Amino acid sequence: MGSVVDYVIGELRFLRTALSLSQEEFGRTIGYSASHVSSVETGGRPPTIDYAMAVDRAHDPLCDEKRGGRFARMLRELSKADPEWLSEWIQCEQEATLIRWYEPAFVPGLLQTEVYARATLPSNVLTAEEIEQRVSSRLGRQAILTKERPAQFVAVIDVMVLRRPISGSPGIMAEQIAHLVKMAELPNVQILVVTEDAGVYPGLQGGFILATLPGGAVVAHLDHQVRAQVVNGADDLASLQRTWEAVRGEALSRRQSLELIKEAAKRWT
């Protein structure tokens, strides 16, 4: 993780030790398990806004009920590393109960490894610091898949995602696809693959994400060359959901997809 996230993690750890609390005791004060606290403190699970808010409410006497306190502010500063147009989507992503993601070109961001994420960011456009901040932010967002009540996640990827080299380094893809195998075995995660047998199929013109929010409302995220946008118009959503059903209909089953991903992993090692 980048230095900003490392600093937040260090401060969280310092707070707990300053309070003379074990990880289990600290977890009880904020409503999280000891294993979750341990995972955050060791960098295995990035701290989220929800986690920071829980810490602030329990241990920051100046905490604002809606905005949180010190730790929430630090994480919000980190999120500013994301483009402004992404902020609205990140909020939807955090609240979603179901995320459906179609991606014809890259591994979906919520499934990327740190090295893969860094390699996909344009070094000729962003500074080294901006890249590190965005990588840290992207990895932090992945916590929605492993938190205590994780979002259901269904990804449909084109088979070329598994075959396209990154930065001329097979090691990057070997690590990334091994990570896909691990993630695909989580009960709340499905990774489905569309093979070349599908030919030209709906969706190839661009990836998109559909997020179902509590209460059943659906919003979409479209990524273009210059910028991305959040879509919530009824006609656009209906069109994207029809495309999703068509794309998913072309994909292999969950079991067949996992077997294909495992085969791809062998080719990169």
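This structure is a prediction, so every number in the text was calculated from the model and none was measured.

Parameters at a glance
- Per-chain numbering applies: the sequence of each chain, read as written, is numbered from 1 onward.
- Reporting in this predicted model follows two pLDDT cut-offs: at least 70 for local features of residues, and 80 or more for side-chain atom pairs to be given and counted; totals over whole chains, interfaces and linings ignore these cut-offs and use all residues.
- Values reported for side chains reflect all heavy atoms of the structure, with hydrogen atoms and water molecules removed beforehand.
- Every helix listed is a DSSP run of H or I at least four residues long, and every strand listed is a run of E at least two residues long, numbered separately from the N terminus.
- For this measure, only C-alpha atoms enter the radius of gyration; the expected value for a globule follows 2.2 Å times N^0.38, where N is the number of residues.
- For this analysis, residues touch if any pair of their heavy atoms sits within 4.5 Å.
- Nonpolar core, defined: a set of buried Ala, Val, Leu, Ile, Met, Phe, Trp, Tyr and Cys residues in which side-chain atoms within 4.5 Å join the residues together.
- Only protein chains enter the accessibility calculation, which uses a 1.4 Å probe; a residue is then buried when its area is under 20% of its type maximum, exposed when over 50%, and partly exposed in between.
- The pairing test for Phe, Tyr and Trp rings, Trp by its six-membered ring, is centres within 6.5 Å, and the orientation test on the planes gives stacked under 30 degrees, edge-to-face over 60, and tilted for anything in between.
- Here, a charge over a ring is recorded when the distance from Lys NZ or Arg CZ to the ring centre is within 6 Å and its angle to the ring normal is within 35 degrees.
- Salt bridges, as used here, are contacts in which a Lys or Arg side-chain nitrogen is within 4 Å of a carboxyl oxygen on Asp or Glu.

Caption draft 1: Fine view of the overall build of the protein chain. What the protein chain contains, in helices and strands, is twelve helices and six strands. The C-alpha radius of gyration of the protein chain comes to 19 Å, within 12% of the 18 Å expected for a compact globule of 269 residues. Projected onto its principal axes, the C-alpha positions of the protein chain cover 60 × 45 × 40 Å. The long-range share in the protein chain, meaning contacts at least 24 apart out of those at least 6 apart in sequence, stands at 70%.

Caption draft 2: Summary view of the nonpolar core. Of all hydrophobic cores here, the largest spans 40 residues; its most connected members are Leu111, Phe153, Leu162, Ile177, Ile191 and Ile261. Those elements giving two or more residues to this core turn out to be helix 6 (84-95), strand 1 (98-103), strand 2 (152-158), helix 9 (160-163), helix 10 (170-184), strand 3 (189-194), strand 4 (208-212) and helix 12 (254-268). The greatest single-element share of this core, amounting to eight residues, is contributed by helix 10. Ignoring anything within four residues of it in the chain, the contact list for Ile191 reads Leu111, Ala155, Ile157, Leu180, Ala184, Ser257 and Ile261.

Caption draft 3: Structural context of the packing of aromatic side chains. Within this structure, the stated rule accounts for four aromatic pairs. Summarising the aromatic geometry, the rings of Tyr32 and Tyr51 are spaced 4.9 Å apart at their centres and angled 65 degrees between planes, so their arrangement reads as edge-to-face. Here Tyr32, found in the loop between helix 2 (23-30) and helix 3 (34-41), pairs with Tyr51, found in helix 4 (residues 49-59); they are 19 residues apart in sequence, far enough to count as distant. We classify Tyr51 as buried; its relative accessible area is 2%. Ring geometry for Tyr102 versus Phe208: centroids 5.9 Å apart, planes at 50 degrees, classification tilted. Linking Tyr102 in strand 1 with Phe208 in strand 4, this pair joins segments that are 106 residues apart in sequence. Put simply, the rings of Tyr102, Tyr201 and Phe208 touch in pairs and so form one group of aromatic residues. Residue placement shows Arg70 over the ring face of Phe71; its charged tip is 5.0 Å from the ring centre.

Caption draft 4: Main features of the side chain of Gln176. Within the secondary structure, Gln176 sits in helix 10. Residues contacting Gln176, with those up to four places away along its chain left out, are Val107, Leu111, Gln112, Thr113 and Tyr116.

Caption draft 5: Expanded view of the pattern of salt bridges. All chains considered together, the criterion is met by eight salt bridges. One salt bridge in this structure joins Arg141 and Glu93, with 2.8 Å as the shortest N-O distance. Of this pair, Arg141 sits in helix 8 (residues 128-141) while Glu93 sits in helix 6; the two residues are 48 residues apart in sequence, bridging distant segments of the chain. Exposure class is identical for Arg141 and Glu93. Each is buried.

Caption draft 6: Geometry of unusual backbone geometry. The backbone of Ser20 sits at a positive phi, close to 55 degrees, despite the residue not being glycine. Positionally, Ser20 belongs in the loop between helix 1 (3-18) and helix 2. For Ser20, a relative accessible area of 62% gives the class exposed.

Caption draft 7: Layout of the environment of Ala52. Along the polypeptide, Ala52 turns up in helix 4. Using a relative accessible area of 3% as the deciding quantity, one classes Ala52 as buried. Remark: the alpha-carbon pair of Ala52 and Gly109, spanning 57 residues in sequence, is separated by 22 Å. With residues near it in sequence (within four places) discarded, Ala52 still touches Phe71, Ala72 and Leu75.

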